[in-house]
Amino acid sequence: MSNVDIYGIYQELGIDSKVFDYCQQVEEKLMPRFFEIDRIAEFNQAKVLHSMQKHHLSAAHLNPSTGYGYNDDGRDTLEKIYADVFHTEDALVRPHITCGTHALHIALAGNLRPGDEILSPVGKPYDTLDEIIGIRPSTGSLAEYGISYRQVDLLPDGSFDYDGIRETIGEKTRLVEIQRSKGYATRPTLSVERIGELIAYIKKIKPDVICMVDNCYGEFVEEREPSDVGADLVVGSLIKNPGGGLAPIGGYIAGTKECVDRAAYRLTAPGLGKELGANLGTIQSFVQGFFLAPTVTAAALKGAVFAANIYEQLGFRAIPKATEERYDIIQAIEFGKPELLVAFCEGIQAAAPVDSYVTPIPWAMPGYDSDVIMAAGAFISGASIELSADGPMKDPYAVYFQGGLTYPHAKYGIMKSLQRMVDKGIKIW
Ligand SMILES: *Cc1c(COP(=O)(O)O)cnc(C)c1O
């Protein structure tokens, strides 16, 4: 052991010796696990770096462009780098993409035509897609444009319902939407390998169907991405993993040239596509964020593994389990009691670099059927690659925890959440 007075500094930050000792003892056993996570980060770092060098990324590329953004070499080079890392023909990486939901909408709306059908073979997609697809009636939904939707749920054991999928793929099926992360559902997150098996099965039935993967929270968690196993399109948000904590906004769509082009015509306008779109000075943060993304994702993953181990050993249910393989950066913990969920979020907030002094309070968020408590003290508003937590105030009082730009910060957040419970006199030991 080194002689760095780590406990001294934690004491100043309000961590008592019992919490500290418990956390240190849990962490010590995680070293082999952390080593594996670092190996994947090392691999992905090399992959990103290699593509930056291959495309001769230069200082001039980092300059802002304005107006129409014609001949924006920085933007075009960034998109080549993304395409290279995802092993796709092309990519669209833009600050004009508002968020992950917007990126998914462009990809869907750009690639579907009236009469087409979308299939989700992995159950209901992320909540914000309800109104895009028209699962919940909504102005401007794909349903209003005559695009239909069908869904095949996973089987009770979490496996794909291959028979159901075969029966549901029909004449009209044009695009298959596969969500990698579980989001707020209870199913397990899909590994890249499982996504590959699913795509292979679907393509055997209908080779020309477009397989699109909602890749949110999954980027750089494994060595491979869904586009390495047959996905025609992968879509995600830059204020999650691939923005590396630096991108202030944005989304990406990587895939076949045809599919990316069609999405680009939807983002800007028919006839304009990828040719336009000034970067307004975002390019530096996009490029540098992508450079940092593999290690930032690794930090978030270590934080998730640490949290699962800390709370599972205290008797709470962690999803995924403490020892389980990870395919995204999300960690859920079921507390079973509202006061524990609240204390957890208060601790995460108190550990934040920004707004650490405010107290999160459950509130009635639009679109939810119960109050929701959220903790986030982020440099980029709403960025969930930064340490953040939220949970609906209803049974099983589960918190969804993610992010951490550095592992020490994620670790401190979890320590602080436990300390908060202790300080409030909640019996946990
Ligand atoms: C975050 C997320 C989205 C998009 O959400 P935004 O808040 O619009 O960025 C879509 N799907 C999944 C699985 C997500 O985690």
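Residues numbered from 1 in each chain as written. Predicted model: local features only at pLDDT ≥ 70, side-chain atom pairs only at ≥ 80, totals over all residues. Heavy atoms only, no water.

A word on the overall build of the protein
Of the regular secondary structure elements, the protein holds 12 helices and 12 strands. Its C-alpha atoms give the protein a radius of gyration of 22 Å, within 12% of the compact-globule value 22 Å for 429 residues. By principal-axis analysis of the C-alpha atoms, the protein measures approximately 65 × 50 × 40 Å. The proportion of buried residues among the 429 residues of the protein is 57%. For the protein, the share of sequence-separated contacts (at least 6 apart) that also reach a separation of at least 24 residues comes to 70%. Surface accessibility of the protein: about 18200 Å² in total, with carbon and sulfur atoms responsible for 55%. Here the protein holds 40 positive side-chain charges and 56 negative ones, and the gap between their average locations is 1 Å. (Helix = DSSP H or I, 4+ residues; strand = E, 2+ residues; numbered from the N terminus. Rg over C-alpha atoms; globule rule 2.2 N^0.38 Å. Buried < 20%, exposed > 50% of the residue type's maximum accessible area, 1.4 Å probe, protein only. Contact = heavy atoms within 4.5 Å. Areas by Shrake-Rupley, 256 points an atom, 1.4 Å probe, with all protein chains shown as cover. Lys, Arg positive; Asp, Glu negative; His and termini not counted. Charge placed at Lys NZ, Arg CZ, Asp CG, Glu CD.)

Considering the domain arrangement of the protein
With domains assigned, the protein is organised as domain 1 (3-43 + 291-423) and domain 2 (67-279). Between domain 1 and domain 2, the C-alpha centre-to-centre distance is 28 Å. Taken residue by residue, the interface counts 26 residues in domain 1 and 24 residues in domain 2. Of the roughly 2200 Å² buried where domain 1 meets domain 2, counting both sides, 65% is carbon and sulfur surface. For the side of domain 1 that touches domain 2, the leading source of residues is helix α10 (residues 283-312), giving six residues. Residue composition of the side of domain 1 that touches domain 2, by class: 18 nonpolar, five polar and three charged. (Domains from an automatic or database assignment. Buried area = accessible area lost by both parts, 1.4 Å probe. Nonpolar A, V, L, I, M, F, W, Y, C, P; charged D, E, K, R; others polar.)

Points about the sheet that holds strand β1 (residues 90-94)
Read from one edge of the open sheet, seven strands run β1-β7-β6-β5-β4-β2-β3, paired in mixed fashion. At either end of the open sheet lies a strand with only one pairing partner, and these are β1 and β3 (148-151). Averaged over all pairs of adjacent strands, the angle between strand axes in this sheet comes to 20°, irrespective of strand direction. The pairing of strand β4 (residues 173-179) with strand β5 (residues 210-214) spans five bridges and is parallel. From the neighbouring strand, Leu175 faces β5, where its bridge partner is Ile210. Across the sheet, helix α9 (residues 257-267) lies against β1, β4, β5, β6 (233-237) and β7 (251-255), angled at about 30° from β1, the strand it touches most. (Pairing = 2+ DSSP bridges. Axes fitted to C-alpha atoms, helices over the stretch in contact; angles between N-to-C directions.)

Let's talk about the packing of helix α4 (residues 73-85) against α10
The axes of two packed helices give the description: the angle between them and the distance between them. Contact geometry for α4 and α10: axes closest at 10 Å, N-to-C directions at 20°. The angle between the axes of α4 and α10 places the two elements in the roughly parallel class. Regarding α4 and α10, the two cross each other, and that crossing is left-handed. Residues Gly74, Arg75, Leu78, Ile81, Tyr82 and Val85 of α4 form the contact with α10, whose own contacting residues are Ile283, Phe286, Val287 and Phe290. For the contact of α4 with α10, the per-class residue count stands at eight nonpolar, one polar and one charged. (Parallel < 35°, antiparallel > 145°, perpendicular 65-115°, else oblique. Left-handed = near helix turned anticlockwise from the far one by under 90°.)

Looking at the packing of helix α3 (residues 31-54) against α10
It is the contact of α3 with α10, at a shortest axis distance of 9 Å, that shows an interaxial angle of 170°. As the angle between them shows, α3 and α10 are arranged roughly antiparallel. Judged by residue contacts, Arg33, Phe34, Ile37, Asp38, Ala41, Asn44, Gln45, Val48, Leu49 and Met52 of α3 engage Val287, Phe290, Phe291, Pro294, Thr295, Ala298, Leu301, Lys302 and Val305 from α10.

Things to note about the nonpolar core
Counting residues in each nonpolar core, the largest one holds 58 residues, and the members touching the most others are Ile310, Tyr311, Phe335, Phe344, Ile414, Leu418 and Met421. Contributing elements (two or more residues each) for this core: α2 (17-28), α3, α10, β9 (331-334), α11 (338-350), β10 (372-376), β12 (398-402) and α12 (407-423). Looking at this core element by element, the count peaks at 10 residues for α10. Setting aside anything within four residues of it in sequence, one finds Phe335 in contact with Tyr311, Phe316, Leu340, Leu341, Phe344, Pro396, Tyr397, Ala398, Val399 and Met421. Core analysis: the next-biggest nonpolar cluster, separate from the first, contains 42 residues, Val48, Ile178, Ile202 and Phe286 among them. (Core = buried A, V, L, I, M, F, W, Y, C linked by side-chain atoms within 4.5 Å.)

Examining α2
Spanning 12 residues, α2 covers 16 Å between terminal C-alpha atoms, matching the ideal 16 Å at 1.5 Å per step. For α2, the set of buried residues is Val19, Phe20, Tyr22, Cys23, Gln24, Val26 and Glu27. At its buried positions, α2 is contacted by α1 (6-12), α3, α10 and α12. With a side-chain oxygen positioned 3.1 Å from the backbone nitrogen of Lys18, the residue opening α2 is Asp16. (Expected span 1.5 Å × (residues − 1). Polar contact = N/O pair within 3.5 Å; in protein donor to acceptor, adjacent residues only side chain to side chain.)

Section: the packing of aromatic side chains
Taken as a whole and assessed by the stated rule, the structure comprises 20 aromatic pairs. Residues Tyr7 and Phe20 carry aromatic rings whose centres are separated by 4.7 Å and whose planes lie at 45° to one another, so their mutual orientation is tilted. Pair noted here: Tyr7 is in helix α1 and Phe20 is in helix α2, with a separation of 13 residues, a long-range link. Residue Phe20 is classed as buried on the basis of its relative accessible area, which comes to 9%. For the ring pair Tyr68 and Tyr70, a centre distance of 5.4 Å and an interplane angle of 35° mean the geometry is tilted. (Phe/Tyr/Trp six-rings, centres within 6.5 Å; stacked < 30°, edge-to-face > 60°.)

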